[in-house]
Protein chains: 2
Amino acid sequence: MEKVHTECKGKIRAIHDTLDILSGKWKIAIIGSLGFGTRRFMELQREVEGIGAKMLSKELRELEINDLVKRTVLDTKPVTVEYQLTEYGKTLQDIIDEMMKWGENHRKRIMSESPKEAELI
Amino acid sequence: MEKVHTECKGKIRAIHDTLDILSGKWKIAIIGSLGFGTRRFMELQREVEGIGAKMLSKELRELEINDLVKRTVLDTKPVTVEYQLTEYGKTLQDIIDEMMKWGENHRKRIMSESPKEAELI
DNA sequence: CAGCATCCCTTAAGATACTG
DNA sequence: CAGTATCTTAAGGGATGCTG
């Protein structure tokens with residue numbers, strides 16, 4: 001019984017490790033977006049609805065620090081910047097996929113329960 | 001090109017739906033803990049390290065509202081309360097599992113990079 | 001275009017003390 | 001045991017304006 005408890009704590013801790021890396025309101029959505037391919041700053045901002053430039057750049061920087069996202073400055077004028085997942089960042093894809101699946105299913109569930117309210121979301 | 005963009009947004013939105021439900025610093029860890037079985041309030045507090053009673057009860061209430069967790073008051077004295085995942089709550093297990101896997105792997109990665117720092121975590 | 005600086009406000013969340 | 005109530009602080013995050 002004691003051992004079971006101990007093992008659970010390790011698992012819970014692993015979840016926390018992941019959560020720490022992905023903390024913030026937007027990181028997972030950003031990674032999800034980059035999962036579809038390379039994106040520029042503005043493209044990300046359009047795709048991740050509701051995010052402001054400040055948050056976007058901050059979250060991107062943190063993701064870059066953790067080696068999940070690669071930032072490439074292109075020598076154009078005006079300057080263009082591309083973001084893409086690193087190989088390590090791509091290892092998050094399974095989590096993202098599960099979240100997308102769940103979210104899509106959840107929306108269906110809500111809609112079948114109370115279609116009226118769901119439309120408002 | 002336009003269609004692709006539109007489809008991505010739907011996916012990103014699905015991620016957001018999921019994230020909204022799982023928002024908060026502790027919900028995912030709580031669900032992870034309950035994934036191992038029924039837990040009482042105090043057991044949860046011990047297992048989800050660092051969480052305070054206030055946050056725990058608040059997060060549990062929100063999870064209950066979203067039909068992810070079931071709360072059962074046992075008629076003992078002093079009162080005992082049990083928490084467990086609902087059937088719907090169990091559908092989050094795939095996400096949780098992926099997060100555990102990733103977190104465990106990430107810890108290994110960090111350790112092999114800089115063992116000294118990793119010990120401090 | 002990409003992003004930083006600044007200001008400002010709301011929310012999250014910790015600490016502490018108390019109750020049925 | 002299983003919470004609630006209250007207070008306080010730290011952080012998150014939005015809006016706006018500016019720059020290379």
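About the cut-offs
Residues numbered from 1 in each chain as written. Chains lettered and ligands numbered in written order. Predicted model: local features only at pLDDT ≥ 70, side-chain atom pairs only at ≥ 80, totals over all residues. Heavy atoms only, no water. Core = buried A, V, L, I, M, F, W, Y, C linked by side-chain atoms within 4.5 Å. Buried < 20%, exposed > 50% of the residue type's maximum accessible area, 1.4 Å probe, protein only. Contact = heavy atoms within 4.5 Å. Patch = residues over 30% accessible without salt bridge, like charges linked within 9 Å, V, L, I, M, F, W, Y side chains within 5 Å. Areas by Shrake-Rupley, 256 points an atom, 1.4 Å probe, with all protein chains shown as cover. Salt bridge = Lys/Arg side-chain N within 4 Å of Asp/Glu carboxyl O. Lys, Arg positive; Asp, Glu negative; His and termini not counted. Charge placed at Lys NZ, Arg CZ, Asp CG, Glu CD. Helix = DSSP H or I, 4+ residues; strand = E, 2+ residues; numbered from the N terminus. Near = heavy atom within 4 Å. Polar contact = N/O pair within 3.5 Å; in protein donor to acceptor, adjacent residues only side chain to side chain. Nonpolar A, V, L, I, M, F, W, Y, C, P; charged D, E, K, R; others polar. Least-squares fit on C-alpha atoms with pLDDT ≥ 70 in both. Expected span 1.5 Å × (residues − 1). Arc of directions from axis to C-beta. Pairing = 2+ DSSP bridges. Axes fitted to C-alpha atoms, helices over the stretch in contact; angles between N-to-C directions. Phe/Tyr/Trp six-rings, centres within 6.5 Å; stacked < 30°, edge-to-face > 60°. Lys NZ or Arg CZ within 6 Å of the ring centre and 35° of its normal.

## Comments concerning the nonpolar core
Residues Ile-30 of chain A together with Ile-30 of chain B are the most contacted members of the largest nonpolar core, which totals 58 residues. Those residues in contact with Ile-30 of chain A, other than ones at most four positions away along the chain, are Leu-44, Val-48, Ile-51, Leu-56, Glu-59, Leu-60 and Leu-63 of chain A.

## Section: a positive patch on the surface
Residue and element names in this part refer to chain B. Together, Lys-54, Lys-58, Arg-61 and Arg-71 give the surface a local cluster of positive charge. If one sorts the elements of the positive patch by residue count, helix H4 (residues 53-65) sits on top with 3 residues. When you line up the elements, Lys-54 lands in helix H4. Lys-54 sits in the exposed class, given a relative accessible area of 65%.

## With respect to the pattern of salt bridges
Residues and elements named next belong to chain A. Taken as a whole, this structure holds 18 salt bridges over all chains when the rule is applied. The partner of Glu-59 in a salt bridge is Lys-27, and the shortest N-O contact between them spans 3.0 Å. Placement of the pair is Glu-59 in helix H4 (residues 53-65) and Lys-27 in helix H2 (residues 27-34), with a sequence separation of 32 residues. For the pair Glu-59 and Lys-27, a shared accessibility class is recorded, and that class is buried. Salt-bridge contacts for Glu-87 lead to Lys-90; the nearest nitrogen and oxygen are separated by 3.2 Å. Here the residue Glu-87 and the residue Lys-90 both occupy positions in helix H5 (residues 87-90), the gap between them amounting to 3 residues, near one helical turn. Taking the relative accessible area as the measure of exposure, Glu-87 reaches 61% and is therefore exposed.

## Topic: the protein's contact with DNA strand D
As a matter of local geometry, DNA strand D sits amid 17 residues, with Lys-25 and Lys-54 of chain A together with Met-42, Arg-71 and Tyr-83 of chain B nearest to it. Among all atoms of DNA strand D positioned within 4 Å of the protein, those belonging to sugar or phosphate total 64%. One nitrogen or oxygen atom from the side chain of Ser-57 of chain B is found 3.1 Å from a phosphate oxygen belonging to DNA strand D. Note that a phosphate oxygen of DNA strand D is positioned 2.5 Å from one of the side-chain N or O atoms of Tyr-83 of chain B. Taken together, the residues of the surface near DNA strand D sort by class into 9 nonpolar, 2 polar and 6 charged.

## A word on the relation of the copies chain B and chain A
After a rotation of 180 degrees and a shift along the axis of 0.0 Å, chain B superposes on chain A with an RMSD of 0.0 Å. Read as a symmetry element, the transformation amounts to a two-fold axis. Closest approach to the rotation axis within chain B is made by the C-alpha atom of Ile-95 of chain B, at a distance of 3.0 Å. Most of the interface of chain B is mirrored in chain A, where 100% of its interface residues again form contacts.

## Quick look at H4 of chain A
Quick reminder: α-helices carry 3.6 residues per turn. Residues three or four places apart thus point the same way. Residues and elements named next belong to chain A. A rise of 1.5 Å per residue sets the reference length of H4, with its 13 residues, at 18 Å; its end C-alpha atoms lie 18 Å apart and thus fit the reference within 8%. Of all the positions in H4, only Leu-56, Glu-59, Leu-60 and Leu-63 are classed as buried. When H4 is viewed along its axis, its buried side chains cluster within an angular range of 100 degrees and face the same direction. Residues of H4 that are exposed and angled more than 90 degrees away from the buried face: Lys-54 and Ile-65.

## Things to note about the sheet that holds strand S2 (residues 69-74) of chain A
Residue and element names in this part refer to chain A. Taken together, 3 strands build an open sheet; the order of strands is S1-S3-S2 and the sheet is antiparallel. With partners counted over all chains shown, the strands left at the sheet margins are strand S1 (39-40) and S2, one partner each. Note that S2 and strand S3 (residues 80-85) share 6 bridges and pair antiparallel. Looking across to S3, one finds that Thr-72 is bridged to Glu-82. Contacts between H2 and the sheet are confined to S1, S2 and S3, with S3 contributing the most and set at about 95 degrees to the helix.

## Points about the packing of aromatic side chains
Aromatic rings considered in pairs are described by the distance between their centres and by the relative angle of their planes. For the structure shown, the criterion picks out 2 aromatic pairs over all chains. A cation over a ring is seen here: Arg-109 of chain A above Tyr-88 of chain B, with NZ or CZ 3.5 Å from the ring centre.

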